[in-house]
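# Breakdown of the fold
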Amino acid sequence: EQDVKYKTKESTELDKTAAETSSDRAGVQEELDAVLTYLKGIEEQCIAKAETFEERKARFEAELAGLKEALRVLEEETALLQRNSARHLRGLTVHVPMTA
């Protein structure tokens, strides 16, 4: 009879320990899943990906278009500055009429 009591008590303690261990494992698994999800996001941001030819070409064409536009603006501003400047002859200022 003493043996049965001891075995019953041991069985109850083992059941309790198993339940606690299962609960702990579930918590650790949730943490692991969260860490793996975070790691996946970090890897996507940090690991360099090769740029395709189409992407490089589009980026180059956009840069080239921007440079052409900047050159056009600078040329127009230079032309306007040259047209609007006053002419000086030995201390005499002659105003050139502006043409549009």
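Summarised in this report is the structure supplied together with it. (Residues numbered from 1 in each chain as written. Predicted model: local features only at pLDDT ≥ 70, side-chain atom pairs only at ≥ 80, totals over all residues. Heavy atoms only, no water.)

With that out of the way, let us pick up the pattern of salt bridges. For the structure shown, the criterion picks out 3 salt bridges. The partner of Arg59 in a salt bridge is Glu51, and the shortest N-O contact between them spans 2.9 Å. Residue classification places Arg59 among the partly exposed residues on the basis of a relative accessible area of 46%. A salt bridge links Arg72 to Glu76; the shortest N-O distance between them is 2.6 Å. Placement of the pair is Arg72 and Glu76 together in helix H2 (residues 53–84), with a separation of 4 residues, close to one helical turn. Given the relative accessible area of 36%, Arg72 is considered partly exposed. Classification of Glu76 by relative accessible area gives partly exposed; the value is 43%. One salt-bridge network, in which partners are shared between bridges, spans Glu69, Arg72 and Glu76. (Salt bridge = Lys/Arg side-chain N within 4 Å of Asp/Glu carboxyl O. Buried < 20%, exposed > 50% of the residue type's maximum accessible area, 1.4 Å probe, protein only. Helix = DSSP H or I, 4+ residues; strand = E, 2+ residues; numbered from the N terminus.)

On the surface, Leu32, Leu36 and Leu39 cluster together into a nonpolar patch covering about 250 Å² of accessible area. With respect to the helices and strands, Leu39 occurs in helix H1 (residues 2–46). (Patch = residues over 30% accessible without salt bridge, like charges linked within 9 Å, V, L, I, M, F, W, Y side chains within 5 Å. Areas by Shrake-Rupley, 256 points an atom, 1.4 Å probe, with all protein chains shown as cover.)

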